[in-house]
Amino acid sequence: MHASGYEPWSAERAAQIIADHQHMAGAAMPILHAIQEAFGFVPDTVVPMIAETLNLSRAEVHGVVTFYHDFRREPPGRHVIKLCAAEACQSVGARALTAYAEDKLGLEMGETSPDGRVTLEPIYCLGLCACAPAGMVNGRLVGRLDTDAIDEIAAEASR
Amino acid sequence: MNSIRIYVPNDATAIACGADRVARALSEALAARGIAADIVRNGSRGLFWLEPLVEVETPAGRVGYGPVKASDVPSLLESGLLEGQPHALCVGLVEEIPYLKKQTRLTFARCGIIDPLSLDDYKAHGGYRGLAKAAEIGPAATVEEVFQSGLRGRGGAGFPTGIKWRTVAATPADQKYIVCNADEGDSGTFADRLIMEADPFCLIEGMTIAGLAVGATKGYVYCRSEYPLSLDVMNKAIEIARRAGLLGDNVMGSGYAFDMEMRMGAGAYVCGEETALLESLEGKRGVVRAKPPLPAIKGLFQRPTVINNLISLATVPVILDKGGAFYRDFGMGRSRGTMPIQLAGNIRFGGLFETAFGISLGELVNEIGGGTASGRPVKAVQAGGPLGAYMPVSQFDTPFDYEAFAAKDALIGHGGIVVFDDTVDMAHMARFAMEFCAHESCGKCTPCRIGSTRGKETLDKIMAGERREANLAILTDLCQTMKLGSLCALGGFTPYPVMSALTHFPEDFGAAPKLPMAAE
Ligand SMILES: Cc1cc2nc3c(=O)[nH]c(=O)nc-3n(C[C@H](O)[C@H](O)[C@H](O)COP(=O)(O)O)c2cc1C
Ligand code: SF4
Ligand code: FES
């Protein structure tokens, strides 16, 4: 799903995406999701385009982009590893496992490696709380994580 | 001869535990052996510790095997999986598993039994009887039936659903909306997810009935982005329902119009709060609105709106089908019907347990849930999500009931129970509650926005042993301010996990350890 399957930035393509969604009620969120799905992030240059189409101020659109944790303003790493940081996962050792993953990847939570290879970030519950600790690796759901599973994930992310 | 039917679940939990690999291994192994069999992907029963739970149809009923890994497939086939023969992973007849047998499945009656995207399966198991009834008795009687059932909102606040519907029905407007709250942000909950992934037509039917009842023709499901599979299954189900005439201008030939669509959240917990959710649906920042006006009067795009939790809506079909009185007969006190309780975290038998209100917390955790997964003693459970209290074992006699929990400053919320063993540091958990509040605050009120950050800092000092007494007084005071000065329950209820941790486990906050009791 991820692993860099994103399109390179194109203003034309962005305009097309905006046009495809602009007639939906409350179109801003579906547009931002579609932009991020295409390019991997929401570039600042797209904000005025959305604002103009939806007849909003730039500040309003900027406000929406920055309010939601999901929207990225920078491209993510080619691999995106999200580890659940919420309570049920903590109850079965997610804190220690996260520390192990940080160590293994040489990254702290919320960081992208300087070579753009991998992003490690927290997520707050995937509804997998009965097979915790859980996470999402390049869009794929993973449960019952342990250090072996983290080793495998790190190996996948080294490619 | 009937062909062999094998069921391999495909909800998010099963998939996260390797169900897709199991399904592939099975189909390859069967092909290699020249055996014709149908592999049905069947959502999930919600017995998550057994996932992937492979089932095979036998004359005696469905026999289960779990948890199955792809590498188990050859040995399963050799042992006679296809005839339901014994194997180390065999759990016998699935319907006889005590965890399932002890449940009262009303809302979740079909989950794990049917193919989620088969309308034929859905109808063969009672689907669309509720809508047929609603169309027959008409809007006013439908609202009344829901009122009579005693159903209270399953999203947390427990407000009577029938009263909410009456208000919307009685408010004239050019357009009304049904909004399903599928933001399910509480850690330890997955009931909404399971309906969407295992019985999506149940939600579609429930929303359609709501639309008919109050005169709304358009519905939105606001689903969190952390549930990509739910979004996918729901989108497919909506398309199927449209093609079958179950959504559209003339639903099921009833003369009523209703259509709906999915919308995706973007990782903001506060968007589970109903007015923040409406703002988000309108394409804005998810900032909480002051009430009044109530969403029932001025909701989405300023129109009268029913906003209900997904489970509230998915329970409506069975209420219409079997009658409000049937549903009301389950439960205790003012908590009527059943609740899907979600057993999660450090628990041996994690999963969904739908049962009538009134069961004790201790029975849920110890008898049904089998205690901790680690085998260590239970120290505390957090009930009702990140805004719910930590309850010690001494409160395990509390019956699962809105009022009984409230009397202990605790919360049923959306029905999640997260179990912790004795290795948990409750000061850490209290700090996490403040940190989470700071992370998710919508920023509208100062006690929540600033208070949560101060609370986290103060807890850091307490944990470091710095001016302990003085800082504990500051923390207590801060919690009081947040409780009284917050517009919504994010700021207003974060004090509950914090103060309950402090009250019940003072030794984790640097107090002298409690003297061991003379007798148990
Ligand atoms: C911070 C916060 C988060 C909430 N999250 C959810 C949620 O994820 N799902 C939900 O149904 N209700 C949630 N609620 C409760 C809703 O505001 C609202 O009460 C509910 O959607 C009403 O539906 P019901 O009457 O069917 O429960 C939340 C409330 C607050 C204050
Ligand atoms: S309590 Fe917090 S989340 Fe709720 S309205 Fe106030 S600032 Fe927003
Ligand atoms: S708390 Fe981690 S998946 Fe729910």
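Residues numbered from 1 in each chain as written. Chains lettered and ligands numbered in written order. Predicted model: local features only at pLDDT ≥ 70, side-chain atom pairs only at ≥ 80, totals over all residues. Heavy atoms only, no water.

## Quick look at the overall build of chain B
Piece 1. Within chain B one finds 21 helices and 16 strands.
Piece 2. In terms of overall size, chain B behaves like a compact globule, its C-alpha atoms giving a radius of gyration of 24 Å where 520 residues would be expected to give roughly 24 Å.
Piece 3. Judged by the C-alpha coordinates and their principal axes, chain B covers about 80 × 60 × 40 Å.
Piece 4. Taking all 520 residues of chain B together, the buried fraction comes to 60%.
Piece 5. The long-range share in chain B, meaning contacts at least 24 apart out of those at least 6 apart in sequence, stands at 70%.
Piece 6. Approximately 18800 Å² of chain B is accessible, and the part contributed by carbon and sulfur atoms is 53%.
Piece 7. Averaging the locations of the 51 positively and 58 negatively charged side chains of chain B gives two centres separated by 4 Å. (Helix = DSSP H or I, 4+ residues; strand = E, 2+ residues; numbered from the N terminus. Rg over C-alpha atoms; globule rule 2.2 N^0.38 Å. Buried < 20%, exposed > 50% of the residue type's maximum accessible area, 1.4 Å probe, protein only. Contact = heavy atoms within 4.5 Å. Areas by Shrake-Rupley, 256 points an atom, 1.4 Å probe, with all protein chains shown as cover. Lys, Arg positive; Asp, Glu negative; His and termini not counted. Charge placed at Lys NZ, Arg CZ, Asp CG, Glu CD.)

## Remarks on the pattern of salt bridges
One side chain can pair with another of opposite charge once the charged atoms of both are near each other.
Piece 1. Per the counting criterion, the structure on display carries 39 salt bridges over all chains.
Piece 2. Note that Glu 121 of chain A is salt-bridged to Arg 72 of chain A, the shortest N-O span being 2.8 Å. Separated by 49 residues along the polypeptide, Glu 121 of chain A in strand E3 (residues 118-123) and Arg 72 of chain A in the loop between helix H4 (58-67) and strand E1 (79-84) bring together distant segments of the chain.
Piece 3. Notably, a salt bridge pairs Glu 226 of chain B with Arg 224 of chain B, separated by 3.6 Å at the nearest N-O pair. (Salt bridge = Lys/Arg side-chain N within 4 Å of Asp/Glu carboxyl O.)

## Some words on the domain arrangement of chain A
Piece 1. If you check the domain split of chain A, you get domain 1 (11-67) and domain 2 (79-157).
Piece 2. Taking the mean C-alpha position of each, domain 1 of chain A and domain 2 of chain A sit 29 Å from one another. (Domains from an automatic or database assignment.)

## Some remarks on the interface of chain B and chain A
Piece 1. Taken together, the 60 residues of chain B in the interface contact 37 residues of chain A.
Piece 2. For the pairing of chain B and chain A, the buried interface totals around 3600 Å² over both sides, and the portion due to carbon and sulfur atoms is 61%.
Piece 3. It is Ala 266, Arg 285 and Phe 432 of chain B in chain B that bury the most area against chain A; as a group they hold 16% of the surface buried on that side.
Piece 4. Where chain B packs against chain A, one counts 0 salt bridges.
Piece 5. Across the chain B-chain A interface, the total number found is 24 residue pairs in polar contact (both at pLDDT 80 or more).
Piece 6. Mapped onto the side of chain B that touches chain A, the elements with two or more residues apiece are helix H1 (12-16), strand E7 (218-223), strand E8 (259-264), helix H12 (274-281), strand E12 (338-345), strand E16 (416-421) and helix H17 (426-440) of chain B. (Buried area = accessible area lost by both parts, 1.4 Å probe. Polar contact = N/O pair within 3.5 Å; in protein donor to acceptor, adjacent residues only side chain to side chain.)

## Observations concerning the environment of Ile 81 of chain A
Residue and element names in this part refer to chain A.
Piece 1. Summarising the element assignment, Ile 81 is placed in strand E1.
Piece 2. A relative accessible area of 3% means that Ile 81 is categorised as buried.
Piece 3. Ile 81 sits 73 residues away from Ala 154 along the chain, and the two C-alpha atoms are 9.1 Å apart.
Piece 4. Beyond its immediate stretch of four places on either side in the chain, Ile 81 contacts Leu 105, Val 118, Thr 119, Leu 120, Glu 121, Met 136, Ile 153 and Ala 157.

## Description of a nonpolar patch on the surface
Residues and elements named next belong to chain B.
Piece 1. Residues Phe 147, Phe 159 and Ile 163 make up a contiguous nonpolar surface patch of roughly 240 Å² in combined accessible area.
Piece 2. Relative to the assigned elements, Phe 147 resides in helix H7 (residues 139-149).
Piece 3. Overall, the relative accessible area of 30% leaves Phe 147 in the partly exposed class. (Patch = residues over 30% accessible without salt bridge, like charges linked within 9 Å, V, L, I, M, F, W, Y side chains within 5 Å.)

## Observations regarding the pairing of E8 of chain B
Residues and elements named next belong to chain B.
Piece 1. Examined bridge by bridge, E7 and E8 share 6 bridges and lie parallel to one another. Of the residues in E8, the one forming a bridge with Cys 223 is Met 264.
Piece 2. As a crossover connection, the stretch from E7 through helix H11 (residues 228-243) into E8 is right-handed. (Pairing = 2+ DSSP bridges. Right-handed = clockwise from strand over helix to strand, strands pointing away.)

## Section: the site of ligand 1
Residues and elements named next belong to chain B.
Piece 1. Around ligand 1 sit 18 residues, and of these Gly 155, Asn 181, Asn 308, Asn 309 and Ser 312 come closest.
Piece 2. Note that an oxygen atom of ligand 1 is positioned 3.4 Å from one of the backbone N or O atoms of Gly 185.
Piece 3. A distance of 2.8 Å separates an oxygen atom of ligand 1 from a polar atom in the side chain of Asn 308.
Piece 4. In isolation ligand 1 has 610 Å² of accessible area, and contact with the protein removes 91% of it.
Piece 5. Secondary structure elements with two or more residues in the shell around ligand 1: strand E9 (305-309) and helix H20 (489-493).
Piece 6. Broken down by class, the residue content of the shell around ligand 1 amounts to 4 nonpolar, 8 polar and 6 charged. (Near = heavy atom within 4 Å. Nonpolar A, V, L, I, M, F, W, Y, C, P; charged D, E, K, R; others polar.)

## Here's the deal with unusual backbone geometry
Piece 1. For the bond running from Glu 51 of chain B to Pro 52 of chain B, omega is -5°, close enough to zero to count as cis.
Piece 2. On the secondary structure map, Pro 52 of chain B appears in the loop between strand E2 (37-40) and strand E3 (54-58).
Piece 3. We note that Asn 55 of chain A has phi near 60°; this positive angle belongs to a residue other than glycine.
Piece 4. Along the chain, the position of Asn 55 of chain A falls in the loop between helix H3 (46-54) and H4.

## What to know about the domain arrangement of chain B
Residue and element names in this part refer to chain B.
Piece 1. By the assigned domains, chain B splits into domain 1 (4-101), domain 2 (119-328), domain 3 (334-419) and domain 4 (426-509).
Piece 2. The interface is formed by 9 residues belonging to domain 1 together with 6 residues belonging to domain 2.
Piece 3. Here domain 1 and domain 2 share an interface that buries about 550 Å² over both sides, 68% of which is from carbon and sulfur atoms.
Piece 4. When the buried surface of domain 1 facing domain 2 is broken down by residue, Asp 11, Ala 12 and Phe 48 rank first, second and third, together holding 53% of it.
Piece 5. Applying the counting criterion to the domain 1 and domain 2 interface returns 1 salt bridge.
Piece 6. Note that Asp 11 and Arg 193 form a salt bridge whose closest N and O atoms lie 2.8 Å from each other.
Piece 7. Applying the counting criterion to the domain 1 and domain 2 interface returns 3 residue pairs in polar contact (both at pLDDT 80 or more).
Piece 8. Its residues assigned to classes, the side of domain 1 that touches domain 2 shows 3 nonpolar, 5 polar and 1 charged.

## Regarding the confidence of the model for chain B
The predicted structure's coordinates, where accompanied by low pLDDT, should not be read in detail.
Piece 1. Of all residues in chain B, 98% have pLDDT values of 70 or greater, and the mean over the chain is 96.
Piece 2. Two summary scores accompany this predicted model of the complex, namely pTM at 0.97 and ipTM at 0.97. (pLDDT = per-residue confidence, 0-100.)

## Considerations on the packing of H7 of chain B against helix H10 (residues 200-214) of chain B
Each pair of packed helices gets described by two things: the angle between the helix axes and the distance between those axes.
Residues and elements named next belong to chain B.
Piece 1. Taken N-terminus to C-terminus, the directions of H7 and H10 make an angle of 120°; their axes are 7 Å apart at the nearest point. The orientation of H7 with respect to H10, classified from their angle, is oblique. Once H7 is placed against H10, the crossing between them reads as left-handed. Within the contact between the two elements, H7 uses Pro 139, Thr 142 and Val 143 and H10 uses Ile 209, Leu 212 and Ala 213. (Axes fitted to C-alpha atoms, helices over the stretch in contact; angles between N-to-C directions. Parallel < 35°, antiparallel > 145°, perpendicular 65-115°, else oblique. Left-handed = near helix turned anticlockwise from the far one by under 90°.)

## With respect to the sheet that holds E2 of chain B
All names here are of chain B.
Piece 1. An order of E2-E1-E3-E4-E5 is seen for the 5 strands of this open sheet, with the pairing classed as mixed. For this open sheet the edge positions go to E2 and strand E5 (90-93), each flanked by a neighbour on one side alone. Strand-to-strand, the axes of this sheet are offset by a mean angle of 25°, without reference to chain direction.
Piece 2. As paired elements, strand E1 (residues 4-7) and E2 share 4 bridges and run parallel to each other. In the sheet register, Ile 6 faces E2, and the bridge partner there is Ile 39.
Piece 3. Each of E1, E2 and E3 is contacted by helix H2 (residues 19-32), which is oriented at about 175° to E2, the strand it contacts most.

## A look at the packing of aromatic side chains
Where two aromatic rings form a pair, the distance of their centres and the angle of their planes describe that pair.
Piece 1. Evaluated as defined, the whole model comprises 20 aromatic pairs over all chains.
Piece 2. Between Trp 49 of chain B and Tyr 99 of chain B, the aromatic rings sit 4.6 Å apart at their centres with planes inclined by 65°, giving edge-to-face as the arrangement. Of the two residues, Trp 49 of chain B sits in the loop between E2 and E3 while Tyr 99 of chain B sits in helix H4 (residues 98-101), which places them 50 residues apart along the sequence. Tyr 99 of chain B shares its class with Trp 49 of chain B; the two are buried.
Piece 3. A centroid spacing of 5.4 Å and a plane angle of 35° characterise the contact between Phe 357 of chain B and Tyr 402 of chain B, whose relative ring orientation is tilted. Remark: Tyr 402 of chain B occurs in helix H16 (residues 402-406) and Phe 357 of chain B occurs in the loop between strand E13 (351-356) and helix H15 (361-368); sequence separation between them is 45 residues.
Piece 4. Overall, the relative accessible area of 9% leaves Tyr 402 of chain B in the buried class.
Piece 5. An aromatic cluster of three or more residues is present, and its members are Tyr 124 of chain A together with Tyr 269, Phe 432 and Phe 436 of chain B. (Phe/Tyr/Trp six-rings, centres within 6.5 Å; stacked < 30°, edge-to-face > 60°.)

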